[in-house]
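Letter by letter, the chains look like this.
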Amino acid sequence: MKKGYKKVERMTSAMRIIHWINFFSMIVAIATGLYIAAPYYQTLIAEPAVDKYVMAWNRWGHFMVAIIFDVTSIVVAYLYFFSRFEKPYKKVLPTAKNIKEFFAVLVNLITLNRSKKFDSSHSDSFNTVYFTIFHLLLLLMLFTGLQLYVEGLESGLSSIGTWWPSMLHIATDWTIPFSHFLVGSSVQDATIMDVRIVHHRFMWLIIVWVVFHIYYQVWRTIFWQEGDIAIAFGGSKYVKEDKKAEN
Amino acid sequence: MAGDKIESVKSLFTAKSAKVETNKGEEYYQNLYAQCRERLDNLKKIVPVSNNIKIKEAIEEEGVSRRDFLKWASATTAMLMLPASFTPLVAEAATLMNRVPVVWIELQDCAGNSEALLRSDGPTVDEIILDIISLEFHETLMAAAGHQAEKQLEDAIETFKGKYLLFVEGSVPMGINGQYGTLGAKGETFIDHLHRVAKDAAAIIAVGSCATFGGIPAAAPNPTDAKGVMDVVNGKTIVNIPACPANPSNMVGVILHYVLTGQLPELDSLLRPKFAFGYRIHDNCERRAHFDAGEYVEEWGDEGAKNNFCLYKMGCKGPMTFNNCSIVRYNEGVNWPVGVGRGCIGCSEPDFWDKYAYERPMANANIKAPTGGVEKSVDEFGLGLLTAAGIGIGIHAAASAIAGKKDNQGEA
Ligand code: HEM
Ligand code: HEM
Ligand code: SF4
Ligand code: SF4
């Protein structure tokens, strides 16, 4: 280890596995989601319809990663309160300390790393807020997606019983007026098309989120010189032991 | 508007789901049967209110055989989700349709729903039945005009107070105090007209997409501030039969259900009868296998179109639309939009003109951006967002790189 640096653990292997499962799921969700939205490749006409099943496989893939997202989201929600590192919920509460830290990190980002006046050994408020935004976006995708899904179970039946569609209705029917509110119109009655529009638009917000997320992790790694990107791979990063000595 | 939105969010948590219960158990149907029997016997005692046409004769005159009539009765029984044992009751109820007085008013509309009933070349049983219901008032169909018509309406309201079914066709223009639509010699606004006639109705049946959700008059920018009946009239039983035009089978279904049971059919959260709007077009579409296979019509008249491929890429909104066209079809089961090779435009859903009726998938459609201004396809909007983020990142990265270098030089 380079002299003057201390290794700090930031993500357990379980958290890292979740991270990369999320990464993989997101790629699949976007690729299949875009196909569902407007099928962008064509299938060969010479085969009988039953053999191809292209849209059906895309939807299958989309729903499978959706279920994976569902499960990882529950784990992540758990970690927000019971993580053995800095519990994320403590970092998003708008306390004076958190607000100060949030702006300290933001200012450092805007001033191109000229004022790094915060403790970078633990997850800072700025990053935690940013991750919270992701989880909220993902939650909205989950709820709107499940609403779109339950529309296809209009018989009220499903392979695992009638409780499943009933539960989905209770859990996701609110997305209809909520989406209508987001999309807006001169008519006051909401429809599931609003949900679909929201599901699609928020995919773009998530893509933008991911692009900045990756950029920021790389930028941090280069400019903070603390190996931040290793958090997602090896689980730990390095912090300069004595900052004053460095200056 | 903001208040309305809060209301609609609130109403969401109390919304009934779209679930359709097709089998409610032996006991339920036995009780219902007895109840219907009693109701029909009582109705028979009532002398038909104003017209004395007998359905059996009317049907024979139009050249429909008894056999066809019974076929219709069993199909209608199934549509109303009743067991086959109810077929004789349904046939009987059909002959008693003229016991229930109906008032039909037209507001901001094209009379398309009335036309749908009247203008087919061979009248179907549904249409004959709608012809002989006790229509006490219908602006387009009746001979009276002006003060006479006004008088006739007042008489009808007075005579059948609390008993008549009010059919409303057309949206209600709410702008400039309703001055966009007035009628009659007194220049009464549509709003006042609706409220006056609605007050003493047993129930209101809004037919067509305009009367239900505002329809085409309510399309952006909605110059007249058009609204559906349920957004204007409070405290009344309302049934919505949307679609453009509403399917005569569904109109008859609702009246028949009322004649037969004395109650209105079970409704979904948008007040649409579940027997008709509890199905998604897409799930009963004959082209669904092609959808799953990824076989789409790419262009009107192409090889796919000749082979009846799925119309999703031509903008079919079947996956987002609840209606029974793919099951009962139109004109006594002759055909329906997807059957003739064009996509569903979601005409039975709120806001269909703005949010469903474009001939391409939603992703490529020009839907108003959240700010309300520019119309952009959803994907163009998303790519724009991504580009903006990309540029931001690029600038930040370049600036960081330059600033970083200077730093190093300083240290050196
Ligand atoms: C679809 C793509 C991705 C998504 C959705 C995503 C999401 C996330 C989320 C939600 C966290 C917070 C961890 C938690 O709360 O458990 C996180 C952390 C992290 N991610 Fe990603 N990520 C993606 C791609 C990447 C990639 C490609 C990299 C590496 C180049 C990366 C590097 C990191 C790092 C280093 C952290 C830890 C940051 C810290 O603790 O300060 N991520 N990511
Ligand atoms: C976060 C990741 C997700 C992304 C990026 C994503 C993206 C998309 C996109 C772009 C569409 C096409 C919408 C359109 O017509 O324009 C779509 C459709 C859909 N998504 Fe997702 N989605 C995600 C998560 C989910 C989840 C969690 C579910 C829950 C089950 C879900 C269920 C659906 C359903 C049911 C459809 C409609 C497909 C159909 O039946 O035709 N999605 N998604
Ligand atoms: S034509 Fe329309 S309703 Fe039929 S399968 Fe295709 S998308 Fe669905
Ligand atoms: S197929 Fe769609 S657009 Fe056509 S009548 Fe039925 S609901 Fe309306």
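In what follows, the structure referred to is the one given above.
Only a predicted model underlies this, so the values are computations on that prediction, with no experimental measurement involved. (Residues numbered from 1 in each chain as written. Chains lettered and ligands numbered in written order. Predicted model: local features only at pLDDT ≥ 70, side-chain atom pairs only at ≥ 80, totals over all residues. Heavy atoms only, no water.)

**Remarks on the overall build of chain B**
Stage number 1. Assigned secondary structure in chain B consists of 17 helices and 11 strands.
Stage number 2. When the 412 residues of chain B are sorted by exposure, 53% land in the buried category.
Stage number 3. Across chain B, the fraction of contacts at a sequence separation of at least 24, relative to all contacts at a separation of at least 6, is 73%.
Stage number 4. Accessible area for chain B stands at about 18100 Å²; split by element, carbon and sulfur atoms hold 54% of it. (Helix = DSSP H or I, 4+ residues; strand = E, 2+ residues; numbered from the N terminus. Buried < 20%, exposed > 50% of the residue type's maximum accessible area, 1.4 Å probe, protein only. Contact = heavy atoms within 4.5 Å. Areas by Shrake-Rupley, 256 points an atom, 1.4 Å probe, with all protein chains shown as cover.)

**Thoughts on a nonpolar patch on the surface**
All names here are of chain A.
Stage number 1. A surface patch of nonpolar side chains, amounting to about 840 Å² of accessible area, comprises Trp-20, Phe-23, Phe-24, Ile-27, Ile-214, Val-218, Ile-222, Ile-229 and Phe-233.
Stage number 2. Of all the secondary structure elements, the ones that give two or more residues to the nonpolar patch are α1 (13–37) and α9 (192–224).
Stage number 3. Per-element accounting of the nonpolar patch gives the leading share, 4 residues, to α1.
Stage number 4. Relative to the helices and strands, Val-218 is located in helix α9.
Stage number 5. Residue classification places Val-218 among the partly exposed residues on the basis of a relative accessible area of 33%. (Patch = residues over 30% accessible without salt bridge, like charges linked within 9 Å, V, L, I, M, F, W, Y side chains within 5 Å. Salt bridge = Lys/Arg side-chain N within 4 Å of Asp/Glu carboxyl O.)

**Re the pattern of salt bridges**
Residue and element names in this part refer to chain B.
Stage number 1. Applying the stated criterion across every chain yields a total of 28 salt bridges over all chains.
Stage number 2. Glu-266 is paired through a salt bridge with Lys-24; the nearest N and O atoms lie 2.9 Å apart. On the criterion of sequence distance, the pair formed by Glu-266 in the loop between α11 (248–261) and α12 (274–277) and Lys-24 in the loop between α1 (2–13) and α2 (26–45) is long-range, its members being 242 residues apart.
Stage number 3. By relative accessible area, which is 32% here, Lys-24 ends up partly exposed.

**Focus on the pairing of strand β3 (residues 165–169) of chain B**
Residue and element names in this part refer to chain B.
Stage number 1. Of all 5 residues in β3, 5 are buried, a share of seventy percent or more.
Stage number 2. Where burial is concerned, the two faces of β3 agree: the one with Leu-165, Phe-167 and Glu-169 and the one with Leu-166 and Val-168 are both buried.
Stage number 3. Here 5 bridges tie β3 to strand β7 (residues 203–207), and the two strands are oriented parallel to one another. Considered in β7, the bridge of Leu-166 is made with Ile-204. (Pairing = 2+ DSSP bridges.)

**Looking at the coordination of the iron atom of ligand 1**
All names here are of chain A.
Stage number 1. Protein-derived coordination of the iron atom of ligand 1 comes from His-19 (NE2) and His-213 (NE2), at a distance range of 1.9 to 2.0 Å.
Stage number 2. Seen from the iron atom of ligand 1, its 6 donor atoms lie at angles of 88 to 179 degrees, and the figure they make is octahedral. Taken as a pair, His-19 in helix α1 and His-213 in helix α9 lie far apart in primary sequence, 194 residues in all. (Donors = N, O, S within 2.8 Å, 3.2 Å for Na, K, Ca; no water. Tetrahedral: all angles 85-135°; square planar, octahedral: opposite > 155°, others 65-115°.)

**Observations regarding the site of ligand 3**
Stage number 1. Near ligand 3 you find 13 residues, and of these His-282, Cys-285, Cys-310, Leu-311 and Cys-316 of chain B are the closest.
Stage number 2. By residue class, the composition of the shell around ligand 3 is 9 nonpolar, 2 polar and 2 charged. (Near = heavy atom within 4 Å. Nonpolar A, V, L, I, M, F, W, Y, C, P; charged D, E, K, R; others polar.)

**Brief notes about the sheet that holds β3 of chain B**
Residue and element names in this part refer to chain B.
Stage number 1. Taken in spatial order, the 5 strands of this open sheet run β2-β1-β3-β7-β9, and their pairing is parallel. Bordering the open sheet on either side are β2 (134–138) and β9 (238–241), each of which pairs with just one other strand. Taking the axes of each pair of neighbouring strands and ignoring which way they run, one obtains an average angle of 20 degrees across the sheet.
Stage number 2. Along the sheet, α11 contacts β1 (101–106), β3, β7 and β9; its crossing angle with β9, the most-contacted strand, is approximately 155 degrees. (Axes fitted to C-alpha atoms, helices over the stretch in contact; angles between N-to-C directions.)

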